[in-house]
Amino acid sequence: MRFLSKLGSDSKHRWAMMRNMVDSLIVHERIKTTLAKAKELRRVADKIITVGKDDSAASQERARAVLRTRDAHEKLFDTLAPRFAERQGGYTRVLRTAPRKGDNAPMAFVEYIGWQESKLAHLAPHELINGVPIRLFKSARRSPQ
């Protein structure tokens, strides 16, 4: 990847950090990081999805050059690329969140479009309330002691 912003580190560290972050983003489909890193990660993550949409030997090699784990490589070609086959770009979104406590750095979530549907697909309809898993709702009643 060329022309990444500096992000306070030299080029080898910056590229290694981007590779780790795109790997984590593919595996988890949503990660939390600083806003500056999130904006740079969006560029790399969108390009790797575009590479994954072309299921050729050359694109597999290009993806292997960026991704570090086999899980991320398999998920890119088996899950994410087919999900975004009809989409022409804009596979990720950056959502700002509260600043980090220690240094007040602006934080953000980077997520793939439609990650909620893929995470909730295994749940039965009776386990959801308005599309949200029941386990995320906290009971107002206290448990008996």
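Residues numbered from 1 in each chain as written. Predicted model: local features only at pLDDT ≥ 70, side-chain atom pairs only at ≥ 80, totals over all residues. Heavy atoms only, no water.

- As annotated in an unreviewed UniProt entry, the chain carries the name 50S ribosomal protein L17 and comes from Diacronema lutheri.
- Taken from UniProt, the Sequence similarities (unreviewed entry) comment for the chain reads in full: "Belongs to the bacterial ribosomal protein bL17 family." (UniProt positions renumbered as here; feature names shortened; annotations may be inferred.)

Description of the overall build of the chain
At step 1: Assigned secondary structure in the chain consists of 5 helices and 5 strands.
At step 2: When the elements of the chain are put in sequence order from the N terminus, they spell out α-β-α-α-α-β-β-α-β-β.
At step 3: Taken across its 145 residues, the chain has 35% of its residues classed as buried.
At step 4: When contacts within the chain are restricted to residue pairs at least 6 apart in sequence, those whose partners lie at least 24 apart make up 58%.
At step 5: Carbon together with sulfur atoms contributes 52% to the accessible area of the chain, which is approximately 9,700 Å² in total. (Helix = DSSP H or I, 4+ residues; strand = E, 2+ residues; numbered from the N terminus. Buried < 20%, exposed > 50% of the residue type's maximum accessible area, 1.4 Å probe, protein only. Contact = heavy atoms within 4.5 Å. Areas by Shrake-Rupley, 256 points an atom, 1.4 Å probe, with all protein chains shown as cover.)

Considering the pairing of strand 3 (residues 107–112)
At step 1: Of all the 6 residues making up strand 3, 5 are buried; the element is thus mostly covered by neighbouring parts of the structure.
At step 2: Bridge count for strand 2 (residues 92–97) against strand 3 is 6 bridges, and the pairing is antiparallel. Bridge pairing in strand 3 links Arg 93 to Glu 111. (Pairing = 2+ DSSP bridges.)

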